[in-house]
4 protein chains.
Amino acid sequence: MIRVLVWNEFKHEQESKKVASVYPNGIHSVIAEFLEKEKDIVVKTATLYDENCGITKELLDATDVLIWWGHAAHERVPDEVAKMVRDAVHEGMGMIFLHSAHHSKPFRLLMGTPCNLTWRESCDSEILWVIDPSHPITRGIDRYFKLDAEETYGEPFSVPNPDKVLLIGNYSGGEVFRSGLLYERGNGKIFYFQPGHETFPTFKIPAVQTIITNAVRFVAPSYRQVIPCPNVRKITDNMPYVI
Amino acid sequence: MIRVLVWNEFKHEQESKKVASVYPNGIHSVIAEFLEKEKDIVVKTATLYDENCGITKELLDATDVLIWWGHAAHERVPDEVAKMVRDAVHEGMGMIFLHSAHHSKPFRLLMGTPCNLTWRESCDSEILWVIDPSHPITRGIDRYFKLDAEETYGEPFSVPNPDKVLLIGNYSGGEVFRSGLLYERGNGKIFYFQPGHETFPTFKIPAVQTIITNAVRFVAPSYRQVIPCPNVRKITDNMPYVI
Amino acid sequence: MIRVLVWNEFKHEQESKKVASVYPNGIHSVIAEFLEKEKDIVVKTATLYDENCGITKELLDATDVLIWWGHAAHERVPDEVAKMVRDAVHEGMGMIFLHSAHHSKPFRLLMGTPCNLTWRESCDSEILWVIDPSHPITRGIDRYFKLDAEETYGEPFSVPNPDKVLLIGNYSGGEVFRSGLLYERGNGKIFYFQPGHETFPTFKIPAVQTIITNAVRFVAPSYRQVIPCPNVRKITDNMPYVI
Amino acid sequence: MIRVLVWNEFKHEQESKKVASVYPNGIHSVIAEFLEKEKDIVVKTATLYDENCGITKELLDATDVLIWWGHAAHERVPDEVAKMVRDAVHEGMGMIFLHSAHHSKPFRLLMGTPCNLTWRESCDSEILWVIDPSHPITRGIDRYFKLDAEETYGEPFSVPNPDKVLLIGNYSGGEVFRSGLLYERGNGKIFYFQPGHETFPTFKIPAVQTIITNAVRFVAPSYRQVIPCPNVRKITDNMPYVI
């Protein structure tokens, strides 16, 4: 079983009627709902409004994949929580950052760059093209899929050169954006996925759900531990890696 | 001085009135013309209609950067010429492949993949976005530039994962394409650049000329030689790399 | 079930008493033997001495992972066979190149570079260090493993910059070598693994067997097909990727 | 002129007689001395013992390349200084991290990983092999160079997969280490170079000086600015990149 934790800022849904009308129980609930239909996945959720953001070391130790959505309150996540998340990724926890989580503390800590991008609140439609059709994350997706409305993100996206670009978005307003990016940091796999503005029902769209579900399975670790880097007297003083 | 050789298939210009009206003296002449304005660049041209395609070992030895445009007659370039070009890149010769040269023999030999892509002859306009604004090849280009008409190329583009994606194109018809890609093979640098359909005056557009000129300087080798891989009896039997 | 085809040149074993004493039934037999112990793997073998090198389109279509060992008779593999292997990799067939197969025709076709390296026939011992302990291919391997005798390979190894370096070898004579390299070409995954000189019983060593077995599972495709790149009139004329 | 700032912790030289005997005026003085011989380079130095570590925003704004050596007092560099250095790299400042600076705050901030490695204080000798002989940083270096004594660093080195591995070290005790690594973060280029333990006269060795001098020229920015990521109403509301 893959143990998923869906973390959501959950601010817009409580403060904006428009957003509440799309996600009355929060974005996290919609994501949890479609993931829970999978036989190999179990889901927990946490939000900014839980104690300590709902994140503890014990919970992260029992999490295989953490999904993160945040936007307007990145700074309210304590530095210690962000570092705890980063360290769990180093150990092997898989991580999926959604949409505006590009500016979240854990993402910026893991990337080492500003993670800025150009944006427009718009009524653009977006066509997301599959760049790597043989990758497990794009399985089940045709050559492309379309979102009738999505916030426009534009390049440059100041992240390190990704290991792979899986998807590129074409916005009707003229922009492009690298919409699906893979990284590894320590033992952990990271997937950044651009769609998911709070005012649109993006997470209810089957292609989006397919990609997130595929990504959960792809970034889930086969095992997890801190990479040991011992101070050794000679090379035969070695410590085994594998538990 | 950077010694550039512009190679052009030169078939469409001689067989199509439409193309001849855009490039009466051939695509190679237009490219040579704007490059020759640069004080650090000298240019020669060659076409499919020259003896042995205009390519000899001696000429390649005296070429720092080879620019290649081909489309309808890739197979008329002899395998021996394609291998000679490949080997010159391995030694350090820089190479720029333009537009439909994605299917040229030298490009496919260097990539090791089919280099297929999806395409449409269209009247799409294209906006090319700068992904890496700090790269020497995109210097002098704003956030993007626009081509009023260009043949539509689409993903997937079956090339190896590039070292860098410098540009991504957004077509008005909805496609995206990784329009500026960097590779290294042996000692040689390779730049693939998507614009340049023969029926449009793409190579007369300043932004396109800027990028090709920048690319010439970027892929030009600082030195050139075959990498020696000696059979040695012990490591002190070494051969020096540097001439 | 993962369908593995082990291809071996099988020349040294028949011509050299020394090699025959180590691999009396050929290197392919030893590799087949340890792979056949795995419940999820079925194995066939082929050699240069079979008709058409033992390679047919039908056989490749029914092969998930092709393992290749060659050394002294690379040129006797017909170009058509080498291209057939390359094309199968593009479709998704996984491929493992062992030791001197760095100079085999299929490897050079897939890499697009000379694939030269420095070498010494020696009695060096080699320590192979795990660079990426979280990768599935290095699972079950400690921080390093040691080979009492192996032919010395040295850098530079003129291959494209690999997607990942999984192992680096330290030779007692002083050289280093990137001993485990990952690539993708088209839909296919490729693993190059340096150990395996014909005069040493390298393929009988448990750590070597573990890595090859892990690699079989890693490069095996989840599905297989040619990537379609249709000529479309408009983007809705799309063809589905997924069968 | 390339404006270099050499930052040195300068603790060992003042506290250890052994180190002081090798670097009586500090490691920074030796590095500054050989760089100042170059006609295109001007050098300043700073140490932990200067006010605010000798680092100000104004100084970084006037620095093209920052070289960093630190070991025993990484934590005494204030977080604000480390972030200031990181941000200058994002803008385009080049950066060279030497030896134990792998654990410095700016390096860890830029990498996003623990940057741990295995190590032994030893009397190992080290042979550093050139992996990429065509790269500007390895120009003037033969196939390898040897250090009679150097602290042993071992893999795994928990850094992100580098853009390029330029050098790999072979230690007489049996380890290997990726000794020359290239990264980009934002507009800035980063070179990590492993040699330089404080008890050995490593920085007085010509090959080491050649590599550091080459690296200064390679990581120096052609221009420098924050990448603008504007919030635009439509794409024509663009801001120019190039000053």
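Residues numbered from 1 in each chain as written. Chains lettered and ligands numbered in written order. Predicted model: local features only at pLDDT ≥ 70, side-chain atom pairs only at ≥ 80, totals over all residues. Heavy atoms only, no water.

Caption draft 1: Molecular detail of the overall build of chain A. Helix and strand counts for chain A stand at seven helices and 11 strands. A compact globule built from 243 residues would reach a C-alpha radius of gyration of about 18 Å, and chain A, at 18 Å, matches this within 12%. Along the three orthogonal principal directions, the C-alpha set of chain A runs to about 65 × 40 × 35 Å. Across the 243 residues in chain A, those meeting the buried criterion constitute 66%. As presented, chain A carries roughly 8500 Å² of accessible surface, and 51% of it is formed by carbon and sulfur atoms. (Helix = DSSP H or I, 4+ residues; strand = E, 2+ residues; numbered from the N terminus. Rg over C-alpha atoms; globule rule 2.2 N^0.38 Å. Buried < 20%, exposed > 50% of the residue type's maximum accessible area, 1.4 Å probe, protein only. Areas by Shrake-Rupley, 256 points an atom, 1.4 Å probe, with all protein chains shown as cover.)

Caption draft 2: Quick peek at the relation of the copies chain A and chain B. For the pair chain A and chain B, the relating rotation is 180°, the translation along its axis is 0.0 Å, and the fit reaches an RMSD of 0.0 Å. The relationship between the two copies is best expressed as a two-fold rotation axis. Using C-alpha coordinates, one finds that chain A approaches the rotation axis most closely at A:Asn170, a distance of 3.0 Å. (Least-squares fit on C-alpha atoms with pLDDT ≥ 70 in both.)

Caption draft 3: Seen up close, the environment of A:Val42. Residues and elements named next belong to chain A. Note that Val-42 resides in strand β2 (residues 41–47). When the C-alpha atoms of Val-42 and Met-1 are compared, they prove to be 6.7 Å apart, with 41 residues separating the residues in sequence. For Val-42, the residues in contact, after removing those within four places along its chain, are Met-1, Ile-2, Arg-3 and Val-4. (Contact = heavy atoms within 4.5 Å.)

Caption draft 4: Summary view of the side chain of B:Ser179. All names here are of chain B. One can find Ser-179 in strand β10 (residues 176–185). Note on Ser-179: relative accessible area 0%, which makes it buried. There is a polar contact of 3.4 Å between the side chain of Ser-179 and the side chain of Glu-126. A polar contact of 3.3 Å, which involves the side chain of Ser-179, links it to the backbone nitrogen of Gly-169. In this structure, Ser-179 is in contact with Glu-126, Leu-128, Leu-167, Ile-168, Gly-169, Tyr-192, Phe-193, Gln-194 and Pro-195, ignoring residues within four places of it in sequence. (Polar contact = N/O pair within 3.5 Å; in protein donor to acceptor, adjacent residues only side chain to side chain.)

Caption draft 5: Local environment of the pairing of strand β10 (residues 176–185) of chain A. Residue and element names in this part refer to chain A. Buried residues dominate β10, accounting for 10 of its 10 residues. When strand β9 (residues 164–171) meets β10, the two strands line up antiparallel, connected through six bridges. Bridge pairing in β10 links Ile-168 to Arg-178. From the end of β9 to the start of β10, which pair antiparallel, there are four residues, and Gly-174 there has a positive phi angle of about 120°. Summarising the sheet, β10 and strand β11 (residues 188–193) pair through six bridges and their orientation is antiparallel. From the neighbouring strand, Leu-181 faces β11, where its bridge partner is Tyr-192. (Pairing = 2+ DSSP bridges.)

Caption draft 6: Expanded view of the environment of C:Lys17. Residue position: C:Lys17 is located in helix α2 (residues 17–22). A sequence separation of 182 residues divides C:Lys17 from C:Thr199, and the C-alpha atoms of the two residues are 9.9 Å apart.

Caption draft 7: Expanded view of the interface of chain A and chain B. Taken together, the 20 residues of chain A in the interface contact 20 residues of chain B. The contact between chain A and chain B buries some 1700 Å² in all, and 61% of this surface belongs to carbon and sulfur atoms. Broken down residue by residue, the surface that chain A buries against chain B is led by A:Trp129, A:Ile131 and A:Val176, which jointly contribute 27%. The tally of links from chain A across to chain B stands at zero salt bridges. (Buried area = accessible area lost by both parts, 1.4 Å probe. Salt bridge = Lys/Arg side-chain N within 4 Å of Asp/Glu carboxyl O.)

Caption draft 8: Representation of the pattern of salt bridges. Applying the stated rule across the entire model yields 56 salt bridges over all chains. When the shortest N-O distance is used, the salt bridge between B:Glu38 and B:Arg217 registers 2.6 Å. Placement of the pair is B:Glu38 in the loop between α3 (27–36) and β2 (41–47) and B:Arg217 in helix α7 (residues 206–219), with a sequence separation of 179 residues. Its relative accessible area of 27% is what places B:Glu38 among the partly exposed residues. Residue B:Arg217 is classed as partly exposed on the basis of its relative accessible area, which comes to 35%. In this structure, C:Glu175 engages C:Arg120 in a salt bridge whose closest nitrogen and oxygen atoms are separated by 2.6 Å. Remark: C:Arg120 occurs in strand β5 (residues 118–120) and C:Glu175 occurs in the loop between β9 (164–171) and β10 (176–185); sequence separation between them is 55 residues. Given a relative accessible area of 6%, C:Arg120 falls into the buried group. Three or more residues joined by partner-sharing salt bridges are found here, namely A:Glu75, A:Asp79, A:Lys105 and A:Arg108.

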